[in-house]
Every structure is written in C-alpha cells, then in structure tokens.
Amino acid sequence: MKIYSYDCVESTNLIAKELALTSQAPHGTAVVAQRQTAGKGRYGRKFCSPVGGIYMSVVLHRGELPFAIFGDSPTLVTAHAAAAVCKAIEAACDIQPQIKWVNDIFMPSDFVPGRKVCGISAEAVCDLTQLIIGIGLNFDTPQSAFPAELRDKVTSLFPENATPTISRSELIASICANLLDANAFTLHEYKRRMFMLKQKVLVLPANSEAYEATALDIDNTGQLVIQKDSGEIIALSSGEVSVRQTPP
C-alpha cells in the first residue's frame, strides 16, 4: 500500500486520479492532505477543507473487490466506505456515529445534535476498472474555520478543547485497513448505523420538484427504498435526501 502525504493540495482526488490514469496507483493507494484549496464533494460541489481535517483519497481496483460490492452497484462501495469510517471512529473514540444515505456521517445527538462530521464521494476512472473514494473528515477543526453558514451544521470528531484519543496517522491507517477489508462489508453494517430509516424525508430530485416521503429500507444494491405520500414505493439510486428529523 502506498501513501502520499501533503500539507496542502488543490484536491487529493485530483492527485489520486492522475496516479490512477498513469498506472501509478496500486489497489489501496492513498493520498492524504491536511488542507485542500479546491476540494469537491458529490456533483462537483465545493467541499470546505480547512486545516484540522483529514482529507484523503483511496484508489480501489475493481478486480480486488468482491463482485457483490463493486459489481453493478458502485453505490455499495460508497456504503462500504461510510461503514469503514464509522468502524474506525468507533474503535478509536467510543463514539457511535450515524450515517445519512448515502455518503454523510453525523455525530450522535448526545454529542452534537445533527451535525455532519464527514463526507464521502466516489469517482470511477480508467474505464470503470478503478474507483477513487474521497473522504473528508473533520478531525479537530476549529469551528471558526468553517464558513459562517456551516457552523451550525458541522462539527469535528474532537471539537475545540477536546483531547484526541487517536492521532491523525493512526485514524487514517484504521480507515484504510477497513476500506481494504472489503470482505467484511455487509449491508447490515451499513444499515444499522443509518438514522433516517422509518423517518420522514424530503427528496430533492435533480430535475424535478422536491417531495416528501418515508425512508423504508436499503435494498441489496444500496438504493434507498422510499414510500411517497401517495403510497407509491420506489428505490432511489442517486439524488439528495434531506432528513426531516434530528439524528437519534
């Protein structure tokens, strides 16, 4: 496993993508930085990346992953990554983070109610033979380092005045180990950490009007099964879902 470590980069995903495209990224190659100047999340949105976070991109090869995970549903790889990060946090901090479908991790309500601590993205490259998992985790970022509009929506694993129970390097290593242990992934590991099931949600489709629904389940391909107020049941493979209630 190769790890490239930087103080500041434009984007760890961009570096990982270049390594993958030039055949310099064996399975498990990780690019890590303490800060990004042009980090991006899902749908190309700007991802705030101030000092104090862990910003990392890991290259996974399709041939090294169980077909059931990569196969026809890259959504499951994102789910696997979310579970991998949660397991690393749980082992290091005795905190039970919660997952919001498909790629956001929140702190439990008894810690900091409803605040996001990590975002995950996935990008296929090299004719879909490789996948870059981007992870942005607020480690000990001062709240003042976030833009004003985010300060009541995000938090850090170790907020100001909290003493870290693990080093950045140790947590990065734990996350990578969990990611590469793809055989350990089950949907149960993912679903049991989700706080939105059986709750009312607002679905925000890319090209149509938002509507309310109830989140019912996660199917075998990682899609979110919802029931519209009309009674119609459908499975979402992508799109934004806003939770109507605070995580438990």
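Draft legend 1. Geometry of the packing of aromatic side chains. Applying the stated criterion across every chain yields a total of 2 aromatic pairs. On the basis of an interplanar angle of 80° and a centroid distance of 5.4 Å, the ring pair of Phe-106 and Phe-195 is categorised as edge-to-face. A residue pair is termed long-range when its members are at least 10 positions apart, and Phe-106 in strand 5 (residues 104-106) and Phe-195 in the loop between helix 4 (187-191) and strand 8 (200-204) qualify at 89 residues. With relative accessibility at 3%, the residue Phe-195 sits in the buried group. For the ring pair Phe-139 and Phe-158, a centre distance of 5.1 Å and an interplane angle of 70° mean the geometry is edge-to-face. Residue Phe-139 is found in the loop between strand 7 (130-138) and helix 3 (168-180), and its partner Phe-158 is found in the loop between strand 7 and helix 3; the two are separated by 19 residues along the sequence.

Draft legend 2. Here's a closer look at the nonpolar core. Counting 61 residues, the largest nonpolar core has Trp-101, Leu-157, Tyr-190 and Leu-224 as the members making the most contacts within it. Counting residues per element, this core draws most heavily on helix 2 (residues 75-93), at 13 residues. Apart from residues no more than four positions distant in its own chain, Leu-224 is found in contact with Trp-101, Met-196, Leu-197, Ala-215, Asp-217, Ile-218, Ile-234, Ala-235, Leu-236 and Val-241. Core analysis: the second largest hydrophobic core is formed by 8 residues, Ala-16, Leu-19, Ala-20 and Ala-25 among them.

Draft legend 3. Structural context of helix 3. Here helix 3 spans 18 Å end to end across 13 residues, near enough to the 18 Å set by a 1.5 Å rise per residue. Residues of helix 3 that are buried: Leu-171, Ile-172, Ile-175, Cys-176, Asn-178 and Leu-179. In an axial view of helix 3, the angular spread of the buried residues amounts to 165°, which keeps them on one side of the axis.

Draft legend 4. Structural view of the pairing of strand 6 (residues 116-125). With 3 bridges joining them, strand 5 and strand 6 adopt antiparallel strand pairing. When the sheet's bridge partners are listed, Asp-104 is paired in strand 6 with Gly-119. Where strand 6 and strand 7 come together, 8 bridges link them in antiparallel fashion. Bridge assignment links Ala-122 to a residue of strand 7, and that residue is Ile-133.

Draft legend 5. Region of the structure containing the packing of helix 2 against helix 3. Contact geometry for helix 2 and helix 3: axes closest at 8 Å, N-to-C directions at 140°. Taken together, the axes of helix 2 and helix 3 lie oblique to each other. For the crossing formed where helix 2 meets helix 3, the hand is right-handed. Where helix 2 abuts helix 3, its residues His-80, Ala-81, Ala-84, Val-85, Lys-87, Ala-88 and Ile-89 lie against Leu-171, Ser-174, Ile-175, Asn-178 and Leu-179.

Draft legend 6. Quick look at a nonpolar patch on the surface. The grouping of Met-1, Ile-3 and Leu-180 at the surface amounts to a nonpolar patch, some 290 Å² of accessible area in total. In this structure, Ile-3 sits in strand 1 (residues 3-9).

Draft legend 7. Just the sheet that holds strand 11 (residues 233-236), in detail. Strand order in the open sheet formed by 5 strands is 11-10-9-8-12, and the pairing between neighbours is antiparallel. Taken across any chain shown, the strands that pair with only one partner, and hence form the sheet edges, are strand 11 and strand 12 (240-243). Direction aside, the axes of adjacent strands within the sheet are offset by 45° on average. Note: strand 8 against strand 12, 4 bridges, orientation antiparallel. Across the sheet, residue Val-201 finds its bridge partner in strand 12, namely Val-243.

Draft legend 8. Region of the structure containing the environment of Gln-130. Its location among the elements puts Gln-130 in strand 7. Apart from the residues within four sequence positions on either side, Gln-130 is in contact with Ala-20, Ala-25, Val-59, Leu-60, His-61, Glu-123, Ala-124 and Val-125.

How each quantity is defined
Residues numbered from 1 in each chain as written. Predicted model: local features only at pLDDT ≥ 70, side-chain atom pairs only at ≥ 80, totals over all residues. Heavy atoms only, no water. Phe/Tyr/Trp six-rings, centres within 6.5 Å; stacked < 30°, edge-to-face > 60°. Helix = DSSP H or I, 4+ residues; strand = E, 2+ residues; numbered from the N terminus. Buried < 20%, exposed > 50% of the residue type's maximum accessible area, 1.4 Å probe, protein only. Core = buried A, V, L, I, M, F, W, Y, C linked by side-chain atoms within 4.5 Å. Contact = heavy atoms within 4.5 Å. Expected span 1.5 Å × (residues − 1). Arc of directions from axis to C-beta. Pairing = 2+ DSSP bridges. Axes fitted to C-alpha atoms, helices over the stretch in contact; angles between N-to-C directions. Parallel < 35°, antiparallel > 145°, perpendicular 65-115°, else oblique. Left-handed = near helix turned anticlockwise from the far one by under 90°. Patch = residues over 30% accessible without salt bridge, like charges linked within 9 Å, V, L, I, M, F, W, Y side chains within 5 Å. Areas by Shrake-Rupley, 256 points an atom, 1.4 Å probe, with all protein chains shown as cover. Salt bridge = Lys/Arg side-chain N within 4 Å of Asp/Glu carboxyl O.

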